[in-house]
Amino acid sequence: MARSRSGTRGRRGPRKPPRRDGAFGGAAVQVIDPSMRGAVELPATITVKELADLLGVNPADVIRELIKSGIFATINQLIDRDTASLVASELGYDVAEPQAPGAPTVGEDGQETTSAATKEELFTEEDTADLVDRAPIVTVMGHVDHGKTSLLDAIRSTTVAAGERGGITQHIGASDVTRGDRRVVFLDTPGHEAFTAMRARGAKVTDIAVVVVAADDGVMPQTLEAIGHAKAAKVPIIIAMNKIDKPDANPDRVKTELTEAGIVIEEYGGETPLVPVSAKTRVGLDDLVDMVLLVADLQELKANPKRSAIGTIVEARMDKARGPVGTVLVQTGTLNVGDVIVVGETFGRVRALEDEHGKRIKKAGPATPALILGLSQVPEAGDILRVVADEKTARAAVEARTAELAAKGGEGSGRATLEDLYRQIQAGQAKELRIVLKADVSGSLGAITHALGQLKTDEVKLNVLYEGAGEISDNDIMLAAASNAVVVGFNTAISDTARRAAEAEKVDVRLYDIIYQLTDDIEKALSGLLEPELVEVVEGRAEVRKLIKVGRQVIAGSYVTDGRIVRSGGVRLWRGGKVIVTDKIDSLRRFKDDVREVQTGFECGIGLVNTTDILEGDVIECFTTQSVSRSAVN
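Starting afresh in each chain, residues are numbered from 1 along the sequence in its written order. With pLDDT at 70 or above as the cut-off, local features in this predicted model cover only qualifying residues; side-chain atom pairs require 80 or more to be listed or tallied, and sums for whole chains, interfaces and linings still use all residues. The basis for every side-chain value is the complete set of non-hydrogen atoms in the structure, without hydrogens or water.

Participant: What is the right way to read the overall build of the protein from this model?
Facilitator: A tally of helices and strands in the protein yields 16 helices and 33 strands. Each of the 634 residues in the protein was classed as buried or not, and the buried ones make up 50%. We call two residues contacting when some pair of their heavy atoms lies within 4.5 Å. Contacts spanning at least 24 positions in sequence make up 71% of the contacts within the protein whose residues lie at least 6 apart. Summed over all atoms, the accessible surface of the protein reaches about 29700 Å², with 49% contributed by carbon and sulfur. Secondary structure elements are defined from DSSP: runs of H or I of at least 4 residues count as helices, runs of E of at least 2 residues count as strands, and each element is numbered from the N terminus. Accessible area is worked out with a 1.4 Å probe on protein chains only. A residue is then buried under 20% of its type maximum, exposed over 50%, and partly exposed in between. For accessible areas, the Shrake-Rupley method is used with a probe of radius 1.4 Å. Any residue's cover is judged against the shown protein chains and nothing else.

Spelled out as C-alpha cells, the structure:
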C-alpha cells in the first residue's frame, strides 16, 4: 500500500499504552484512541524522547530507525512530523492525517478541548503552500594555510582576514553573500573540527561543502580530513583550487592527488566540480558562487518562513558589555525580536538581532545568520534554537531537559561498538559499519585497506569514512562521534586529549599491532560472529628517574605521573615518542615493601620480566586487559 502524505503505511502493530508526557514546550501530544481510528496523531515537531514515549517504545528504537535513514539524532533532538511519521510507520504504527488548525482534540476526560499550545503546534505544520526557496548554506573547509578565509574575504569584499591575528580564523562566522537576486550563506569555520562538532551534537547545518586546496601545495593531510568529514556528512563537495596565480601552481598535480583521495572531478568524468580561483587577483570568484548556486538548485532547498523559528547556534561567547551572545543560523521559520527561545540547556527572550555587519534587524528568516542578544547563559555551538510560547514554558523545558540529562548520565551515549554491531546484525538491524582508520605509515594503510576490501558480507556494508597516517587525534574522535563510527588504529598511539575525548563521547577505539587480528575482528563483526575478547585499559604512566641494578635485573626508580601502576599489569616502554618494548611487571615496590599498585604522585621501583634496557627519562605505560562478554540478543 502506498504511504500517504502523513507517512501512513497501512500497517498496524501491537502497541503499549503511550504515556502522555506532553510535547516539547508544553504542547500536548494527542493520542487518538486505537478503537476509534487505530492511528497516532503527531505534532509538527517532536523530540526523539517524546516520540518514544508517545509510541510506548524505547528511545533507542527510535534512534535506530533514524540512523537507518541517515539521521544521527540525540534523545533530545527535535524532528519534524514527516520524519517522526516515517519512524512510527517503520515501528508498525499507523499515523493519522493532521487535523485542521483549531480542530478540537480529545482530552483525558473524554471531552473535546482546543488548547492554545495545540493550536500553536498545528499552525506550524509544514504546509507545501508555505514553502519558499531558501539560500544555500555553505561550509568552507581546508588546510590551515591554503587561503580559506582570504577566499571568503575576497568573495564578501570585507577585511576579515586582515583583522585576525596571524590571518587565522579565531571563531566561527556566518555571512550573507548576494549574487544578483540570490543569496548564499557562508560558514567560515576554523576547520572541519567545528563542522564535525556541530554534527556530533545533532545539528545538520550545511547544504554544500567547499574544500579549498592550494594549487601550489596540493592535497595535504587536513585536506583529506576535510574531504572525509564532508563525505561522512553526505553533503555535496565543491573543490576550490586557490592560488592559481602563483608561479609554482600545479593544477594537474592537484587533480591527480584529488583522484587518489577518492575525489574524481568532473573534468575526469566524476561528479565533483572543481573551480580554479585566486583570492588575491579575484579570478574565478564569480564562477565559484555560480557553481554553489547550481549545486543548490539541484537540491531544491526550501523552508517555511511562516512557522516559529528553528535554528542552530554556530558560535557563542560571553561579551563583557552585552552578556551572552550567539550567532544563530535560522534554518526554518522566522525569528523575531521579542520571541522567547530555548537553546540547548538555556533560554531567554530575544532582546536584539544584528546582521554580520553589526546592523540591528527586527527579524531573521530562513537561512539567515544573526547575532542574538538576550540569552541567560552562553550556549554551545551546535545547540538547537526553538521558539516557544512563553518564558514559563521555556523554563519548564530547560528544567526537564537538565533533569533528563542528569538521569541519563550513566546510560552511555549509544555510540557504535563492534559489540553493538554484532547484536544489531543478529537482530537484522545493522546495515553499515563505519570505520575511521589510522596507521603508523601510509604503507600499512595500503595493506589494511586492501585486506578490508576483500571482506564481503550480504548483511552489512563496511564504510571507511577516513584513513590517514599518524596517531589518533581529536579530529578522528569527533568524526567517529558525529558519524557513529568505530576508530581502528594499527601500530599507532592515541593522544591523551583524544583518549579523553573518546571516553567523554563513548567512542569505541580499537588498537592493533597485527593486521590479521584487525581484519579478523572486522570480518567477525560484519558476519555477526564476534567472539568475546580482551579489551586493553591503560592504567597509568610513570617516568623513569633513577636506575638501580640488582643482580641481573634493572630496577627502574620511577615517579607515577598519571593514573596508577599495577603489579599485575603489562607495560610498554616509551622512548623518544616510540614504543621500545612490551613486557610485564615482575616486581613493584614502595621503599622496601612489595605493593600491588602505586598511585599518581608517588615514587616506586619497577622491575620488568625480560627487559633490562631501560634509560632515565623513559616512560613506563602500564595497561591491563579486561574480558568483555558478549550477551546474546534477547
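Participant: How should unusual backbone geometry be read in this particular structure?
Facilitator: Excluding glycine, a negative phi dihedral is what most residues carry, and trans is how most peptide bonds are arranged. The residue Glu-300 is not glycine, and still its phi comes out positive at about 50°. Its place among the elements puts Glu-300 in the loop between helix H10 (285–299) and strand E12 (302–303). Glu-300 gets classed as exposed once you look at its relative accessible area, which sits at 63%. One non-glycine residue with positive phi stands out, namely Ala-367, at about 60°. Structurally, Ala-367 is set in the loop between strand E19 (363–364) and strand E20 (368–375).

Participant: How should I be thinking about the nonpolar core in this particular structure?
Facilitator: As a rule of thumb, nonpolar side chains are buried together in soluble globular proteins. Core analysis: the biggest nonpolar cluster contains 26 residues, and Leu-151, Ile-155, Phe-186, Val-210, Ile-238 and Leu-288 have the highest contact counts within it. Within the residue set of this core, elements represented by two or more residues are strand E6 (137–142), helix H5 (148–156), strand E8 (182–188), strand E9 (208–214), strand E10 (237–242) and H10. If you tally residues by element for this core, the top one is H10, at eight residues. Setting aside residues up to four positions removed in sequence, Leu-288 forms contacts with Leu-151, Ile-155, Ile-238, Ala-240, Val-275 and Val-277. Put simply, a nonpolar core is a bunch of buried Ala, Val, Leu, Ile, Met, Phe, Trp, Tyr and Cys residues held in one set by side-chain atoms that sit within 4.5 Å of each other. Of all hydrophobic cores here, the second largest spans 19 residues; its members include Ala-209, Val-213, Ile-227 and Ile-265.

Participant: Help me out: how do you make sense of the sheet that holds strand E22 (residues 432–439) in this one?
Facilitator: Remark on secondary structure: sheet strands pair via backbone hydrogen bonds, oriented parallel or antiparallel. Note on pairing: DSSP must find at least two bridges between two strands before they are called paired. Spatial strand order, E23-E22-E24-E25: four strands in an open sheet with parallel pairing. The outermost strands of the open sheet, each flanked by one partner alone, are strand E23 (461–469) and strand E25 (509–512). When strand polarity is set aside, the average angle formed by the axes of neighbouring strands in this sheet is 20°. Of the pairings in the sheet, the one linking E22 to E23 comprises eight bridges and is parallel in character. Bridging from a neighbouring strand, Arg-434 pairs with Asn-463 of E23. Helix axes use the C-alpha atoms of the stretch in contact, all axes being lines fitted to C-alpha atoms, and the angles between their N-to-C directions lie in the range 0 to 180 degrees. On top of the sheet, helix H14 (residues 474–483) reaches E22, E23, strand E24 (486–490) and E25; it is set at about 180° to E22, its chief contact.

Participant: Explain the pairing of strand E27 (residues 553–566) to me, please; I cannot follow it from the model alone.
Facilitator: Remark: a regular strand shows side chains that alternate across the two faces of the sheet. Of the pairings in the sheet, the one linking E27 to strand E32 (residues 603–608) comprises five bridges and is antiparallel in character. Within the sheet, the bridge partner assigned to Ile-555 lies in E32 and is Gly-607. Of the pairings in the sheet, the one linking E27 to strand E31 (residues 597–599) comprises three bridges and is antiparallel in character. Directly across from Val-566, in E31, lies its bridge partner Glu-597.

Participant: In this structure, what is going on with helix H8 (residues 221–232)? I would like to understand it.
Facilitator: An α-helical turn contains 3.6 residues, so any two residues separated by three or four positions project in the same direction. If you check H8, its first and last C-alpha atoms are 17 Å apart, about what twelve residues at 1.5 Å a residue would give, namely 16 Å. Taken together, the buried positions of H8 are Thr-223, Glu-225, Ala-226, Ile-227, Gly-228, His-229, Ala-230 and Ala-232. Positioned one or two residues after H8, Lys-234 has a phi angle of 60°, which is positive. Take the residue count of a helix, subtract one, and multiply by 1.5 Å to get its expected span.

Participant: What exactly am I supposed to notice about the packing of H14 against helix H15 (residues 496–505) here?
Facilitator: A pair of packed helices is characterised by two quantities: the angle between their axes and the separation of those axes. Running from amino to carboxyl end, H14 crosses H15 at an angle of 15°, the nearest separation of the two axes being 8 Å. Between H14 and H15, the angle falls in the class roughly parallel. For the pair H14 and H15, the crossing hand works out as right-handed. Contacts from Asp-474, Ile-477 and Ala-481 of H14 reach H15 at Thr-497, Ala-498, Ala-501, Ala-502 and Glu-505. Here is the rule for angles: anything less than 35 degrees is roughly parallel, anything more than 145 is roughly antiparallel, 65 through 115 is roughly perpendicular, and the remaining ranges are oblique. With the far helix as reference, a near helix turned anticlockwise by less than a right angle produces a left-handed crossing, and one turned clockwise produces a right-handed crossing.

Participant: Teacher, can you tell me more about the packing of H5 against H10 here?
Facilitator: Relative to each other, H5 and H10 sit at 90°, their axes nearing to 10 Å. With respect to each other, H5 and H10 are oriented roughly perpendicular. Side by side, H5 and H10 meet where Leu-151, Ala-154 and Ile-155 of the first sit next to Leu-285, Leu-288 and Val-289 of the second. When residues are sorted by character, Ala, Val, Leu, Ile, Met, Phe, Trp, Tyr, Cys and Pro go into the nonpolar class, Asp, Glu, Lys and Arg into the charged class, and all the rest, Gly among them, into the polar class. A per-class count over the contact of H5 with H10 returns six nonpolar, no polar and no charged.

Participant: Would you explain the side chain of Arg-541 in this entry?
Facilitator: Residue position: Arg-541 is located in strand E26 (residues 533–550). Of the residues examined, Arg-541 reaches a relative accessible area of 14% and is grouped as buried. Polar side-chain contacts of Arg-541 include one of 3.1 Å to the side chain of Glu-621. If we ignore the near neighbours within four places in the chain, the residues touching Arg-541 are Asp-496, Arg-499, Tyr-559, Val-560, Thr-561, Asp-562, Ile-565, Val-619, Ile-620 and Glu-621. Definition of a polar contact: a pair of N or O atoms within 3.5 Å, with one able to donate and the other able to accept a hydrogen when the atoms are protein atoms, and with sequence-neighbouring residues admitted only if both atoms are side-chain atoms.

Participant: Is there a simple way to explain empty space enclosed by the protein in this structure?
Facilitator: Any space left empty among the atoms is revealed by the rolling of a water-sized probe across them. Only protein atoms enter the calculation, which uses a 1 Å grid: trapped sets of points that fit a 1.4 Å probe without letting it out are cavities, open sets showing protein on both sides within 12 Å along at least five of seven lines are pockets, and any residue with an atom within 4 Å of a point is a lining residue. Grid points are joined across faces, edges and corners, and a volume is the space filled by probe spheres set on the points. Counted under the stated rule, the structure contains two cavities of 30 Å³ or more. What the second largest cavity holds in volume is close to 30 Å³. What lines the second largest cavity is simply Val-140, Leu-151, Leu-152, Ile-155, Phe-186, Val-210 and Leu-288. No other element matches H5, which puts three residues into the lining of the second largest cavity. Here the residues of the lining of the second largest cavity sort into seven nonpolar, no polar and no charged.

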